[in-house]
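# Analysis of the macromolecular model
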Amino acid sequence: MTIVETDGVTALCEYGNEQRRISVVLLADVRAGAKVLVHIDSAVRLLDENEARLICKALDGLEASLNGQSCDRFFADLIGHEPQLPEHLR
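Note that the structure is predicted; figures quoted are calculated from it, not measured.

A separate point is the overall build of the chain. Within the chain, the regular secondary structure consists of one helix and five strands. Starting at the N terminus, the α and β elements of the chain follow one another as β-β-β-β-β-α. By residue count, 20% of the 90 residues in the chain fall in the buried class. Counted over contacts in the chain with a minimum sequence separation of 6, partners at least 24 positions apart contribute 18%. Accessible surface for the chain amounts to roughly 6,600 Å². Of this, 54% is attributable to carbon and sulfur atoms.

Here it is in structure tokens:
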């Protein structure tokens, strides 16, 4: 979600057509325009622009899939690649 305004304790945030007030007490130095990862109405982490974009694409792909639409365009970078385990799990 993107922070629209904040008082340092809560923030009005938006994503798509949704706006809601969330807690930002777990984060330091939040400002309007910042992208945050939200879980159960609490901001749990600040996101950089690229990470926020990737998460938005994944959520859009999930929504398309749930609506019976193709989600390939949202995951074009994964098409034709075998999943790789992280180094620590090999």
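Resuming the write-up.
What the domain assignment reports for the chain is domain 1 (1–46) and domain 2 (49–79). One C-alpha centre belongs to domain 1, the other to domain 2; they are set 22 Å apart. The interface is formed by four residues belonging to domain 1 together with seven residues belonging to domain 2. At the boundary of domain 1 with domain 2, total buried surface from both sides reaches about 420 Å², with 55% on carbon and sulfur atoms.

Attention now moves to unusual backbone geometry. The backbone phi angle of Asp 29 is positive, close to 55 degrees, even though this residue is not glycine. Here Asp 29 lies in the loop between strand S3 (18–23) and strand S4 (35–39). Among the residues examined, Asp 29 registers a relative accessible area of 55% and is labelled exposed. Even without being a glycine, Ile 40 presents a positive backbone phi close to 50 degrees. Along the chain, Ile 40 turns up in the loop between S4 and strand S5 (42–47).

Cut-off values and rules
Numbers given for residues are sequential positions, taken from 1 along each chain in its written order. Thresholds applied to this predicted model are a pLDDT of at least 70 for local features of residues and 80 or more for the giving and counting of side-chain atom pairs; totals over whole chains, interfaces and linings are not thresholded and use all residues. Computation of side-chain values covers all heavy atoms of the structure but excludes hydrogens and water. The numbering of helices and of strands both runs from the N terminus, where a helix is a DSSP run of H or I of at least 4 residues and a strand a run of E of at least 2. Buried, partly exposed and exposed residues are distinguished by accessible area as a fraction of the type maximum, computed with a 1.4 Å probe on protein chains only: under 20%, between the cut-offs, and over 50%, respectively. We call two residues contacting when some pair of their heavy atoms lies within 4.5 Å. Only the protein chains shown count as cover for residues, and all accessible areas are computed by the Shrake-Rupley method using a 1.4 Å probe. For every domain, the bounds stem from an assignment made automatically or drawn from a database. By convention, the term buried area covers the 1.4 Å-probe accessible surface removed from two parts as they join, with the contributions of both added.

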